[in-house]
Amino acid sequence: MAVFPWHSRSRNYKAEFASCRLEAVPLEFGDYHPLKPITVTESKTKKVSRKGSSSSTSSSSSSSVVDPLSSVLDGTDPLSMFAASADPAATDSSRKRRDRDENTIVGSDFEPWASKRGEILARYTTTEKLSINLFMGSEKGKAGTATSAMSEKVRTRLEELDDFEEGSQKELLNLTQQDYVNRIEELNQSLKDAWASDQKVKALKIVIQCSKLLSDTSVIQFYPSKFVLITDILDTFGKLVYERIFSMCVDNRSVLPDHFSPENVNDTAKETCLNWFFKIASIRELIPRFYVEASILKCNKFLSKTGISECLPRLTCMIRGIGDPLVSVYARAYLCRVGMEVAPHLKESLNKNFFDFLLTFKQIHGDTVQNQLVLQGVELPSYLPLYSPAMDWIFQCISYHAPEALLTEMMERCKKLGNNALLLNSVMSAFRAEFIATRSMDFIGMIKECDESGFPKHLLFHSLGLNLALADPPEGDRLQILNEAWKVITKLKNPQDYVNCAEVWVEYTCKHFTKREVNTVLADVIKHMTPDRAFEDSYPQLQSIIKKVIAHFHDFSVLFSVEKFLPFLDMFQKESVRVEVCKCIMEVFIKHQQEPTKDPVILNALLHVCKTMHDSVNALTLEDEKRMLAYLINGFIKMVSFGRDFEQQLSFYVEARSVFCNLEPVLVQLIHSVNRLAMETRKVMKGNHSRKTAAFVRACVAYCFITIPSLVGIFTRLNLYLHSGQVALANQCLSQADAFFKAAISLVPEVPKMINIDGKMRPSESFLLEFLCNFFSTLLIVPDHPEHGVLFLVRELLNVIQDYTWEDSSDDKIRIYTCVLHLLSAMSQETYLYHIDKVDSNDSLYGGDSKFLAENNKLCETVMAQILEHLKTLAKDEALKRQSSLGLSFFNSILAHGDLRNNRLNQLSVNLWHLAQRHGCADTRTMVKTLEYIKKRSKQPDMGHLTELALRLPLQTRT
């Protein structure tokens, strides 16, 4: 291709803006508007067809706008149609039944057993050796033929059970706790396997064997965890039996509904259910018989409506036969657990269970228990807490939705037992927080009268404090409550006991008192936890204290004026914990600090907190962690404002740069903040800088110029050079702006081929293209330096682009050259499209000088030659589509920016049009629209030459 000269067309930007402006159409008030609320009108369905479609309806208001969604259904909701066609009587009865069922279901406000399970297993452990009996199977049950009579089958099964009870089992000794847990899990799996292989008797034997383990208290500290593990197996068994009988109720015609009555159950299912209860009744030992029957309590639903209500009192009475009070209380807990699942409305039986428990409670201090503790070498303070999980559960079940009168009665009964500390602790753990809070002084009186032997008072105050964190006591009692509690807490010698209580009562103090009382509490905590570095063993509790304090003190000027707050932070000497605490403080600050601050107390304290987070960063720190720390520190930086004292603001940014030099996102934020500070200075001075403000903005520019090279990300540096150069230009710092732009140009050759984006390596050319396009938009208004040649920045950038190694399969270099062509065309106009106030761009400096325009056109011709040369290289089969696309793109650039009255440029555009269609690779739809656009423009003033051009641009069809 021959070399073509470039002639930019003259642009009247104001006229172009006016022609592109949207036409304003007046809208009357009553007209339809897409944002106007839709009025859905009520319609009456005349008839519903069998397919569910409705006939036409008459609207009650013809003037209302029709809802397009409702119109599909003619205004009738299909669910409403079904409801309307339903039997009203049936609907009422089903609603009543549903309401009744909802009343018998435990609500979400009831804490389930599953949430307590993990805590019990973690708390009640042992290092002593354990033993377990494993079922070894029996050969007796395998005798007999397929023709055996039913009576023979029943007799054989009973013999199997007798054989099991007589000793067909193996005792495993010297098991560790983990071995024991593994064996229990094996038994649970064996139960499921036996059931799946239709070995129901074997499954029952396993359950009986496991239930027997609950009578063994040889390793008494492990008993609560053993109870959890064994009852998991019982729950599995109960579920399997229930589902088996439920499945037998299905016949060929119907399926048993979830809420059924015994009349719906067929005889086969009832007989099977009775058979299970008869088998369980034949178990000789009390404890396995009780537990196994309790596990299938729900199956009574298949037999009679009153089955469960009759069984619960009987099972409650059975527990009276259990002599060991620890075994007994856990049996009661299991009965409460099953009862709350299958019949929570039968509170009378649960209450009877509780009152039975109170009657036998004195056994805990009997001689039998004392002798057992002596034999095992267990002290009373270690023994009594073993009751807590079971007692807490029993009290929770009894007190759930219970009336005030019942709770008061239960409280009075506890008093009659001599204010036993264990009992009182369970009351406070299980009863509603509001009930406890309103009677706080009564409970404190009861705590004072408790005997501390076996169950220390600080645990009672701990439980009371947990309730007061959830509900408020009477206002007049609040200070007295705190004084009474703290009198006991501050006397505790054991640091762990002390900090457990202090953690709870700090929240009460923060909630109801001022910083004075909080400061006193924090000082007391420091006093107790500093000796012998006791704080090192209590970091979780100390962290909790800090979180509770900052959760209630959102005014950080108040928080940091608490004298002991920062000394309290000094106790976190383990770096990982210290950083976590600092992160919590900063999260609360960012969330709740509404206004920027310059309070020196806040700034110094938070600078110290942020420095702690920053200094934790090392080579092993994960990127996500760095990102989180940077986000928190940036949140602090954004909230610091010294108002009109811009010099103080810049001094803060200088200090922050030295403190946070290892986190790149923080440095980026500081650069943006300083740039914004320079622009705020410009705004205050309305663009007319004095000597003082001019020196200040130059200081801001210098800050950015020396900070940017310390960043690692190359595109971060490029964009910041550009942004900072724009700020310098806006503040009339022309030489500084040139320095930024030269730095950006010199950095372009260092752009690697691949860059890391969110952990993945991606080609960088598209990002470079985006940056350069933004750069060109800025270069339009950058004035030439008097000591350099014409368009010196543009020439330098073109040299860099020419020398950069571009991908062979990429056309980004040509797209960049096309953008340069657009820039040079804009630079040739008499008046530029946009300017910066008080900065003379080249249109003012050169004033349309012919030498400047000649230099501009030479650059255009050089760029065009590069574009056309690249188009030549694409004349290969695999690149024809790229050639067509680039040819059409270049044609559009000439159409938009070139003066097509020039014959040679006009001919070039025609050649490009034919090139785009030559090999059938053109986007025909785009070309059709382009031609329509040319014809439309040809009708505008001074555009008649486009009419002739349109005639020379044929549309070829693909063959």
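Residues numbered from 1 in each chain as written. Predicted model: local features only at pLDDT ≥ 70, side-chain atom pairs only at ≥ 80, totals over all residues. Heavy atoms only, no water.

## Observations concerning the overall build of the protein
(1) Moving on: Scanning the protein from N- to C-terminus turns up 45 helices and 4 strands.
(2) Moving on: Relative to its 959 residues, the protein shows a buried fraction of 48%.
(3) Moving on: Contacts in the protein between residues far apart in sequence, at least 24 positions, make up 73% of those at least 6 positions apart.
(4) Moving on: Entry remark: accessible area of the protein is about 49,000 Å², with carbon and sulfur atoms responsible for 52%. (Helix = DSSP H or I, 4+ residues; strand = E, 2+ residues; numbered from the N terminus. Buried < 20%, exposed > 50% of the residue type's maximum accessible area, 1.4 Å probe, protein only. Contact = heavy atoms within 4.5 Å. Areas by Shrake-Rupley, 256 points an atom, 1.4 Å probe, with all protein chains shown as cover.)

## With respect to the pattern of salt bridges
(1) Moving on: Applying the stated rule across the entire model yields 30 salt bridges.
(2) Moving on: For aspartate 472, the salt bridge is made with lysine 511, and the minimal N-O distance between the two is 3.3 Å. On the criterion of sequence distance, the pair formed by aspartate 472 in the loop between helix 22 (457-470) and helix 23 (478-489) and lysine 511 in helix 24 (residues 495-512) is long-range, its members being 39 residues apart.
(3) Moving on: Owing to a relative accessible area of 32%, lysine 511 belongs among the partly exposed residues under this scheme. (Salt bridge = Lys/Arg side-chain N within 4 Å of Asp/Glu carboxyl O.)

## With respect to helix 13 (residues 325-342)
(1) Moving on: Given a rise of 1.5 Å per residue, 18 residues ought to cover 26 Å, and the 26 Å separating the end C-alpha atoms of helix 13 matches this to within 8%.
(2) Moving on: Burial analysis of helix 13 places 17 of its 18 residues in the buried class, which makes it a mostly covered element.
(3) Moving on: Residue aspartate 324 occupies the N-cap position of helix 13, its side-chain oxygen lying 2.9 Å from the main-chain nitrogen of leucine 326. (Expected span 1.5 Å × (residues − 1). Polar contact = N/O pair within 3.5 Å; in protein donor to acceptor, adjacent residues only side chain to side chain.)

## As for the confidence of the model for the protein
(1) Moving on: Within the protein, residue pLDDT values average 83, and 85% of them lie at 70 or more.
(2) Moving on: Segment residues 82-104 is flagged for pLDDT under 50; beyond a separation of four residues in sequence, or across chains, it makes 4 contacts in the model. (pLDDT = per-residue confidence, 0-100.)

## Section: the side chain of asparagine 425
(1) Moving on: Within the secondary structure layout, asparagine 425 lies in helix 19 (residues 421-430).
(2) Moving on: Classification of asparagine 425 by relative accessible area gives buried; the value is 7%.
(3) Moving on: There is a polar contact of 2.5 Å between the side chain of asparagine 425 and the side chain of serine 463.
(4) Moving on: With near-sequence residues (within four places) excluded, asparagine 425 lies in contact with Ser388, Phe455, Leu459, Leu460 and Ser463.

## What about the packing of aromatic side chains?
(1) Moving on: Counted according to the given criterion, the structure contains 40 aromatic pairs.
(2) Moving on: Seen from their ring centres, phenylalanine 636 and phenylalanine 652 are 5.9 Å apart, and the 80° between their planes marks the pair as edge-to-face. In this pair, phenylalanine 636 is assigned in helix 31 (residues 623-638) and phenylalanine 652 in helix 32 (residues 646-659), connecting sequence segments 16 residues apart.
(3) Moving on: Relative accessible area serves as the criterion here: at 0%, phenylalanine 636 is assigned to the buried category.
(4) Moving on: Exposure remark for phenylalanine 652: the relative accessible area of 6% places this residue in the buried category.
(5) Moving on: Among the aromatic residues, ring-to-ring pairing joins Phe110, Trp113, Tyr223, Phe227, Phe290, Tyr291, Tyr330, Tyr334, Trp393 and Tyr400 into one connected group. (Phe/Tyr/Trp six-rings, centres within 6.5 Å; stacked < 30°, edge-to-face > 60°.)

## With respect to the pairing of strand 3 (residues 754-757)
(1) Moving on: Looking at chain direction, strand 3 and strand 4 (residues 760-763) are connected through 4 bridges and run antiparallel. Note on strand 4: the bridge partner recorded for asparagine 756 is methionine 761.
(2) Moving on: The turn joining strand 3 and strand 4, which pair antiparallel and follow one another in sequence, is formed by 2 residues; a positive phi near 55° is taken by aspartate 758. (Pairing = 2+ DSSP bridges.)

## Concerning the side chain of asparagine 842
(1) Moving on: With respect to the element layout, asparagine 842 can be found in helix 40 (residues 842-846).
(2) Moving on: The contacts of asparagine 842, once residues within four sequence positions are left out, are Val782, Pro783, Asp784, Leu791, Tyr832, Gly847 and Phe852.

## Things to note about the packing of helix 22 against helix 24
(1) Moving on: The geometry of helix 22 relative to helix 24 is characterised by a closest axis approach of 9 Å and an angle of 30° between their N-to-C directions. By the angle class used here, helix 22 and helix 24 are roughly parallel. Crossing handedness for the pair helix 22 and helix 24: left-handed. Contact residues: helix 22 offers His458, Phe461, His462, Leu464, Gly465, Leu466, Leu468, Ala469 and Leu470, while helix 24 offers Asp497, Asn500, Cys501, Val504, Trp505, Glu507, Tyr508 and Lys511. (Axes fitted to C-alpha atoms, helices over the stretch in contact; angles between N-to-C directions. Parallel < 35°, antiparallel > 145°, perpendicular 65-115°, else oblique. Left-handed = near helix turned anticlockwise from the far one by under 90°.)

## Some thoughts on unusual backbone geometry
(1) Moving on: Positive phi, close to 50°, is recorded for arginine 533, a residue that is not glycine.
(2) Moving on: The residue arginine 533 is located in the loop between helix 25 (515-529) and helix 26 (539-552) in this model.
(3) Moving on: Its identity is not glycine, yet leucine 791 carries a phi of approximately 55°, on the positive side.
(4) Moving on: Checked against the element boundaries, leucine 791 lands in the loop between helix 37 (765-779) and helix 38 (792-803).
(5) Moving on: Using a relative accessible area of 1% as the deciding quantity, one classes leucine 791 as buried.

## Here we look at the packing of helix 7 (residues 177-196) against helix 8 (residues 200-212)
The relative placement of two packed helices is expressed as an angle between their axes plus a distance between the axes.
(1) Moving on: For the pair helix 7 and helix 8, the least separation of the axes is 7 Å and the interaxial angle reads 160°. Between helix 7 and helix 8, the crossing angle belongs to the class labelled roughly antiparallel. Of the two possible hands of crossing, helix 7 and helix 8 adopt the one that is left-handed. Taken together, the residues of helix 8 that come into contact with helix 7 (itself represented by Leu187, Ser190, Leu191, Ala194 and Trp195) are Lys200, Lys202, Ala203, Ile206, Val207, Gln209 and Cys210.
(2) Moving on: Residues belonging to the contact of helix 7 with helix 8 are distributed by class as follows: 8 nonpolar, 2 polar and 2 charged. (Nonpolar A, V, L, I, M, F, W, Y, C, P; charged D, E, K, R; others polar.)

## Describing a nonpolar patch on the surface
(1) Moving on: A cluster of nonpolar side chains, contributed by Phe17, Leu833 and Tyr834, occupies part of the molecular surface with about 290 Å² of accessible area.
(2) Moving on: Turning to its location among the elements, leucine 833 is positioned in the loop between helix 39 (812-827) and helix 40. (Patch = residues over 30% accessible without salt bridge, like charges linked within 9 Å, V, L, I, M, F, W, Y side chains within 5 Å.)

## Brief notes about the state of the cysteines
(1) Moving on: Under the counting rule described, the total for this entry stands at 0 disulfides.
(2) Moving on: Lacking any disulfide linkage, cysteine 582 is separated from the closest cysteine sulfur, that of cysteine 610, by 8.2 Å.
(3) Moving on: Judged by relative accessible area, cysteine 582 falls into the buried class, the value being 5%.
(4) Moving on: Here cysteine 733 is not disulfide-linked; the sulfur of cysteine 700 is the nearest cysteine sulfur, at 9.2 Å.
(5) Moving on: Note on cysteine 733: relative accessible area 5%, which makes it buried. (Disulfide = S-S within 2.5 Å.)

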